[in-house]
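Each chain, written out:
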Amino acid sequence: MLTRNCLSLLLWVLFDGGLLTPLRPQPRRTLEAESRGNVVTGAERKMSSVRVKRGWVWNQFFVLEEYMGSEPQYVGKLHSDLDKGVGSVKYTLSGDGAGTVFTIDETTGDIHAIRSLDREEKPFYTLRAQAVDIDTRKPLEPESEFVIKVQDINDNEPKFLDGPYVASVPEMSPVGAYVLQVKATDADDPTYGNSARVVYSILQGQPYFSIDPKTGVIRTALPNMDREVKEQYQVLIQAKDMGGQLGGLAGTTTVNITLTDVNDNPPRFPKSIFHLKVPESSLVGSAIGRIRAVDPDSGKNAEIEYTIVPGDGGNLFDISTDGNTQEGVIKLKKPLDFETKKAYTFKVEASNVHLDHRFHSVGPFKDTATVKINVLDVDEPPVFSKPFYTMEVYEDTPVGTIIGAVTAQDLDVANSAVRYFIDWKSDVDNFFTIDGTEGTIATNELLDRENTAQYNFSIIASKISNPLLISKVNVIINVLDVNEFPPEIAVPYESYVCENAKPGQVIQIVGAADKDLSPAGQRFSFRLSPEITAKPNFTVHDYRNNSAGIVARRSGYSRRQQELYFLPVVIEDSSYPIQSSTNTMTIRVCRCDSDGTILSCNVEAIFLPVGLSTGALIAILLCIVILLVIVVLYVALRRQKKKDTLMTSKEDIRDNVIHYDDEGGGEEDTQAFDIGALRNPKAVEENKTRRDIKPEALRLPRSRPPAEDNTNIRDFINQRLRENDGDPSAPPYDSLATYAYEGNGSVAESLSSIDSLATEADQDYDYLSDWGPRFKVLADMFGEEESHNPDKVT
């Protein structure tokens, strides 16, 4: 290729007489412009209007890319008509790559490329050349522009920019089904030669797939490729330039093709019979086994629907599909009983949910298998003969009367005996008992229907061989009514009769009620009591629908003559034994208008004959109320005045000694008052308690030293008086404080008779008179008592 380019360049030089001329004609306007731009010297400037000859002869230069020679690559030569070959002209080069990529000989104008070029990096370079006078450094001609193109060589192989590729095609597709289109790009110049013309071919993947050499479209080459046989294919694609000729460069890529699934396979059971073992105690709705049909398809094409073919035992079982495993889950619809039936056989059909009409000709997309279920015997609790029991018993039935029985049986092969007992949680009051062996139920208490009309409790049956296996059944006992209560008037009626009532007029309709449970069809009858007089004022009319009417027998009722009438009515029921009761109705006489509307039934009628109106009666009552209020206010004011008189007394309340004339309990009465203060003055100082509060018991000494004088006694009493007068916690009511303290060393010693060793006869109380007027009263009391009881010993 390099040799061919060099020869072409040599022919251009020889053809043009050593001058560089363009490869293709220049536009006229451009040539004229360049002619006008030439630099002219002094004489030529005077003749500027005369057309001068073009000074530069340009050519479009070419340079080979990827030049690997040892010398710089010759590009071309620049020459000016003003250059006489004497070395007076200097050539300069500027523009793209000047000095770095391209150099020019300043004297000869030869251009060389000093390094290897790559067209794919830069396809051309734009440069500017100028001829200047070597002495004056002035341009001989204006600067002109030219282009150096990099000539392409086939140095780039085709590349698959989007590879490797992933594609899919449905299985069983016909020949020529579209799979994918690949594309390779070549960086070489597509306008020069065949360097960029690419041809596609398959290196690996035949005979399954083919490719169009020009477009790169991949298609299937074999019919009915089966995914279940082979799912993944790897195809190696080659792209070669130079139109696939020898010496062209090539690139490869990989295409991974997957066959997608279609529903072309029916489900198949791996075996024709499935055996299952199920305990008879399995719960309804529980899964008892699984079967599976195999479908080699995938995804939704492998979804299977299972159904039970109607037949033997099929109605006891149900089947559904497990969405994760595509297994058929067999469930129990009804309870199993080993003693009734020990085995079941039925057929199960498996079919695809999503069918493809293109493969209907292959055959039916379903399969059938047989399922045999063997029921296993399990030790079960006893079974009652009924789901629940209902019994009836009359109230007041004697205790111990049998009212019914329950029956339970062990259905297992062992046929164990059964015991019965009542669930105590449901019969807390223990109204009934049951025979543990026979199952008979009897009363344990007297029953009263009016208290409880129905009993509901549970009976438990257990196997003797295994008491842990139990069964329960509900028992309902209805208590039947015994006619023990007579019927009565349903509600208390307020009956009245108008003074202008007419004979035969119904004044009241009454009904009856019975505390007994009235059976269907029971009737009540009404009649007058036989005790009534021969000519009653009223009569009873039985309507024979459990109601009756009270009818007036005459006219001319008057409140002045008789305000109230009492009518005895006898009511009977229809049960056995017949019960009856006599009910007295009160009928009031009222004043009515002509339409029978009541005008008045109150006490006003008593005053009407006197001639007082309603307003007068109200005025009289108001006067009476006012007088009563005045009397009450007067009495209240008198009482308040007496209290004020007592409270305004100028005497000190605490100086008043109130004598209640109440004799104490003597020495044995230790709860009347506390005499501890008489015995222990120090305790009084340490524990000052209020007299109106019971003090704590103190252990007091039995003897005291005699008092030296009476001075400290007065001081103590005065001190106590001041303390009580100024005590804010003292009670607000009158009280008598006893200051019975003799003082230390008192000659009289203790005044209490508790610790006295001698009789009262040995005591002399005259010295108490010397202590003052307050003790004189005490001396008189003891002296008088001694005179009346000389023989009494304390």
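Residues numbered from 1 in each chain as written. Predicted model: local features only at pLDDT ≥ 70, side-chain atom pairs only at ≥ 80, totals over all residues. Heavy atoms only, no water.

(A) Spatial organisation of the overall build of the protein chain. Scanning the protein chain from terminus to terminus reveals nine helices and 39 strands. Residue burial in the protein chain is summarised as follows: out of 794 residues, 34% are buried. As displayed, the protein chain has an accessible area near 49600 Å², and 54% of this comes from carbon and sulfur atoms. (Helix = DSSP H or I, 4+ residues; strand = E, 2+ residues; numbered from the N terminus. Buried < 20%, exposed > 50% of the residue type's maximum accessible area, 1.4 Å probe, protein only. Areas by Shrake-Rupley, 256 points an atom, 1.4 Å probe, with all protein chains shown as cover.)

(B) Structural view of the environment of H275. By secondary structure assignment, the location of H275 is in strand 15 (residues 273–279). Assessed through its relative accessible area of 56%, H275 is described here as exposed.

(C) Seen up close, unusual backbone geometry. Here G163 and P164 are connected by a cis peptide whose omega angle stands at -10°. Take P164: it is sitting in the loop between strand 7 (144–151) and strand 8 (165–170). The amide bond that connects Q206 to the next residue, P207, takes the cis arrangement and shows omega of 5°. Mapping P207 onto the fold places it in the loop between strand 10 (199–204) and strand 11 (209–211).

(D) Spotlight on the pattern of salt bridges. One pass over the full model with this rule turns up 17 salt bridges. A salt bridge links E143 to R128; the nearest nitrogen and oxygen atoms lie 3.7 Å apart. Of this pair, E143 sits in the loop between strand 6 (124–133) and strand 7 while R128 is found in strand 6, placing the two residues 15 residues apart along the sequence. For E143, a relative accessible area of 42% gives the class partly exposed. Among the ionic pairs, E723 bridges to R720, the shortest N-O distance being 3.2 Å. Taken together, the positions of E723 and R720, both in helix 8 (residues 711–726) and three residues apart, correspond to about one turn of that helix. The exposure class assigned to E723 is partly exposed, which follows from its relative accessible area of 28%. Linked through salt bridges whose partners overlap, the residues forming this network are R227, E228, E231 and D261. (Salt bridge = Lys/Arg side-chain N within 4 Å of Asp/Glu carboxyl O.)

(E) Examining the nonpolar core more closely. Of all hydrophobic cores here, the largest spans 25 residues; its most connected members are F269, F317, I330, V348 and V371. Contributing elements (two or more residues each) for this core: strand 15, strand 16 (287–292), strand 17 (304–309), strand 18 (317–321), strand 19 (327–332), strand 20 (343–352) and strand 21 (366–376). With residues up to four places along the chain from it excluded, the contact list for V348 reads F269, I291, Y306, T307, I308, I319, D367, T368, A369 and V371. (Core = buried A, V, L, I, M, F, W, Y, C linked by side-chain atoms within 4.5 Å. Contact = heavy atoms within 4.5 Å.)

(F) Spotlight on the sheet that holds strand 10. Pairing is mixed in the open sheet, where four strands are placed in the order 8-14-13-10. The two strands at the open ends of the sheet, each matched to only one other strand, are strand 8 and strand 10. Geometrically, the sheet is characterised by an average inter-axis angle of 35° between neighbouring strands, direction not taken into account. Pairing of strand 10 with strand 13 (residues 232–240), which is carried by five bridges, proceeds in the antiparallel orientation. If you follow Q204 over to strand 13, its bridge partner there is L236. (Pairing = 2+ DSSP bridges. Axes fitted to C-alpha atoms, helices over the stretch in contact; angles between N-to-C directions.)

(G) Seen up close, the state of the cysteines. Within this structure, the stated rule accounts for two disulfides. Covalently, C590 is tied to C601 through a disulfide, its sulfur atoms 1.5 Å apart. Since a negative S-S torsion denotes a left-handed disulfide, the C590-C601 link at about 125° is right-handed. Of this pair, C590 sits in strand 38 (residues 580–592) while C601 sits in the loop between strand 39 (598–600) and helix 4 (604–607); the two residues are 11 residues apart in sequence, bridging distant segments of the chain. Take C590: its relative accessible area is 1%, and that puts it in the buried class. With cysteine numbering restricted to those in disulfides and following the sequence, the protein chain has the pairing 1-3, 2-4. (Disulfide = S-S within 2.5 Å.)

(H) A look at the environment of I509. Its place among the elements puts I509 in strand 33 (residues 506–513). For the pair I509 and S547, spaced 38 residues apart in the sequence, the C-alpha separation amounts to 6.9 Å. Setting aside residues up to four positions removed in sequence, I509 forms contacts with Y493, Y543, S547, A548 and G549.

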